[in-house]
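What the coordinates show
So the chains spell out like this:
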Amino acid sequence: MIKTVTLSHPTGVLSGTINLPASKSEANRALIIAALAGGNSTIENLSEANDTQLLNRLLQRNDQTIDAEDAGTVMRFLTAYYAVTNQQKVLTGTDRMCQRPIKVLVDALRDLGATIDYLQEEGYPPLQIKGFAYSGKNHLKVRGDISSQYISALLMIAPLLPDGLELELEGKIGSRPYIEMTLALMQHFGATATFEDTTIVVPNQNYKPATFLVEPDWSAASYWYSLVALAKEAEITLPGLRKESHQGDRAIVEIMYRLGVYTEFTPEGIRLTKKHCEKKVAFDFTNCPDLAQTIVALCAALGVTLEMTGVESLRIKETDRIQALQIEVLGMETSLNEMSPGVFRMEPAIITKRELTFRTYKDHRMAMAFAPVALLEPVQIQDPDVVRKSYPRFWEDLEKVGFEVVNNE
Ligand SMILES: O=C(O)C1=C[C@@H](OP(=O)(O)O)[C@@H](O)[C@H](O)C1
Ligand SMILES: C=C(OP(=O)(O)O)C(=O)O
């Protein structure tokens, strides 16, 4: 029996104040850097996301085998962390994690002097980290088009290397704001770097312990934007979000402006209300890949024609997100087609079904992206507990604004 939640909303009028979870991306960088800084750092508003709670636990224990579960940042950041701090570990994760590539990072760490073996398939976890003897190399070329997490992982350990590190990024750079977030967090803990064009230079230096306050998660905010866009009337307040943020997913403000949501920045945070929605939109998700599912589900529900590009990295995330989206929008009587390599198009849907069921593919964002459709028709979401990866209180927060959430075991 598959666990589902059934979601419905009585009126379509939505109002309330929601305290979002803190950003797992910021928190996981702060945890790694604080560990490298030694001494007493304080991380305030640590994310309740499983990805962050897991990393926090792993850093406090001295386990021989490290289970990164389904958390990409945990797997990638800890691989670099344990390698350069010369800790012998086996790193593994869920079946899916063992299908998510890590070769770019392992090759770079081997170049720096790490001994790392693949325990199953070449290029994929599980890994065995055997030790570190500095090679003297301080210039590496790294592909920028697979995952920025490899680059962030290398950057965070770079100040510890005797000659620092010059990273030359090759190919298209995806998820660039996440690289900039890494550099900003490093700077917060006293380590400077330069990022010009495609080259990042990090000198050898010491991190300094610091206090860091984690911001609310802009990726989590995207589901509330989607709810506002689909509601008949809405006024949603999300405290703590600011215009200036390290998170690239703040791009949701401009994206949703075109899809019917107005953002007012207030001293407390943001206030979302409704405005006119365009009928046809095109977005490039290169810099904000985690927003793509929110926008596909929303455009299908709104009947808006969507063209999207910059989604190459979606194939190697918690699931093949392109394939998962293509299957799930079929249930909304629309289709997402690859018109030419990397260019996807979705024509408007007219939803005529009474109840829609969405599968989630062990991917938190599939659950949260499709949940707002419940403002139009009752919706069933399979395996609802997936949200724990980034937003464990998601279903409770929906109840706060009047959704009926029925758990079906
Ligand atoms: O560094 C990070 O915190 C993240 C980087 C992005 O991954 P990619 O760099 O693999 O696109 C993003 O999708 C992920 O949710 C979090
Ligand atoms: C891709 C994601 O996470 P990660 O790669 O860190 O597992 C995500 O949270 O959408």
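What counts, and where the lines are drawn
Residues numbered from 1 in each chain as written. Chains lettered and ligands numbered in written order. Predicted model: local features only at pLDDT ≥ 70, side-chain atom pairs only at ≥ 80, totals over all residues. Buried ≥ 20, exposed ≤ 12 C-beta atoms within 10 Å, placed from the backbone. Helix = DSSP H or I, 4+ residues; strand = E, 2+ residues; numbered from the N terminus. Contact = placed C-beta atoms within 7 Å. Near = placed C-beta within 6 Å. Nonpolar A, V, L, I, M, F, W, Y, C, P; charged D, E, K, R; others polar. Domains from an automatic or database assignment. Pairing = 2+ DSSP bridges. Axes fitted to C-alpha atoms, helices over the stretch in contact; angles between N-to-C directions. UniProt positions renumbered as here; feature names shortened; annotations may be inferred. Parallel < 35°, antiparallel > 145°, perpendicular 65-115°, else oblique. pLDDT = per-residue confidence, 0-100. Right-handed = clockwise from strand over helix to strand, strands pointing away.

1. With respect to helix α4 (residues 103-112)
- Those residues of α4 that fall on the buried side of the exposure criterion are V104, L105, V106, A108, L109 and L112.
- Buried positions along α4 lie against α3 (72-84), β6 (114-118), β7 (127-132), β8 (139-143) and α5 (148-157).
- One or two positions beyond α4, positive phi appears at G113, with a value near 130 degrees.

2. Thoughts on the site of ligand 2
- All residues adjacent to ligand 2 are A71, G72, T73, D290, K317, E318, R365 and S390.
- Residue classes in the shell around ligand 2 are distributed as 1 nonpolar, 3 polar and 4 charged.

3. A word on the site of ligand 1
- Near ligand 1 you find S25, T73, S147, S148, Q149, S152, G174, S175, Y178, P289, D290 and S313, and these make up its full shell.
- By residue number, the principal contributor to the shell around ligand 1 is α5, which donates 3 residues.
- Taken together, the residues of the shell around ligand 1 break down into 2 nonpolar, 9 polar and 1 charged.
- Among the domains, domain 1 (4-21 + 216-408) and domain 2 (24-213) are the pair contributing at least three residues each to the shell around ligand 1.

4. Description of the sheet that holds strand β21 (residues 379-382)
- The strand order β20-β21-β1-β22 describes an open sheet built from 4 strands, whose pairing is mixed. Lying at the two open borders of the sheet, with one neighbouring strand each, are β20 (356-358) and β22 (404-408). Neighbour-to-neighbour, the strand axes of the sheet open up by a mean angle of 20 degrees, direction not taken into account.
- Looking at chain direction, strand β1 (residues 4-8) and β22 are connected through 5 bridges and run antiparallel. Considered in β22, the bridge of L7 is made with V405.

5. A few points about the UniProt feature "active site" (unreviewed entry) in the protein chain
- In the numbering adopted here, UniProt assigns the feature "active site" (unreviewed entry) to D290.
- Judged by the 27 C-beta atoms lying within 10 Å of it, D290 falls in the buried class.
- Excluding residues that lie within four positions of it along the chain, D290 makes contacts with S219, D249 and R365.

6. Overview of unusual backbone geometry
- The residue after P125, namely P126, is reached through a cis peptide bond having omega 0 degrees.
- With respect to the element layout, P126 can be found in the loop between β6 and β7.
- Non-glycine residue Y361 carries a positive phi angle of around 55 degrees.
- In this fold, Y361 is placed in the loop between β20 and α11 (364-370).
- Residue classification places Y361 among the buried residues on the basis of 21 C-beta atoms within 10 Å.
- Within the chain, D383 stands out as a residue other than glycine whose phi angle is a positive 50 degrees.
- Along the chain, D383 falls in the loop between β21 and α12 (394-400).

7. Observations concerning the packing of helix α1 (residues 24-37) against helix α2 (residues 50-60)
- Relative to each other, α1 and α2 sit at 10 degrees, their axes nearing to 9 Å. Taken together, α1 and α2 sit at an angle that is classed as roughly parallel. Note on element contacts: α2 touches α1 through D51, T52, L55, N56 and L59, opposite K24, A27, N28, L31 and A35.

8. Digging into the confidence of the model for the protein chain
- Scored by pLDDT, the protein chain comes out at a mean of 97, with 99% of its residues at no less than 70.
- Reported for the predicted complex are a pTM of 0.98 and an ipTM of 0.99.

9. Some words on the sheet that holds strand β19 (residues 343-346)
- In spatial order, the strands read β16-β17-β19-β18; together these 4 strands make up an open sheet with mixed pairing. In this open sheet, the two strands that pair with only one neighbour each are β16 (280-284) and β18 (336-340). On average, adjacent strands in this sheet sit at an angle of 25 degrees to one another, irrespective of strand direction.
- One ladder, built from 4 bridges, connects β18 with β19; its direction is antiparallel. Pairing of S340 across the sheet is with V343, part of β19.
- Sheet strands touched by helix α9 (residues 292-302): β16, β17 (305-309), β18 and β19. Its angle to β17, the strand with the most contacts, is close to 160 degrees.

10. Things to note about the pairing of β17
- Taking every second residue as pointing to the same face, the buried face of β17 carries L306 and M308, while none of T305, E307 and T309 on the other face is buried.
- As paired elements, β16 and β17 share 5 bridges and run parallel to each other. Within β17, the residue paired with D284 across the bridge is T309.
- In terms of handedness, the path from β16 via α9 over to β17 forms a crossover that is right-handed.
- Sheet analysis places β17 next to β19, joined by 3 bridges and oriented antiparallel. Across the sheet, residue E307 finds its bridge partner in β19, namely R345.

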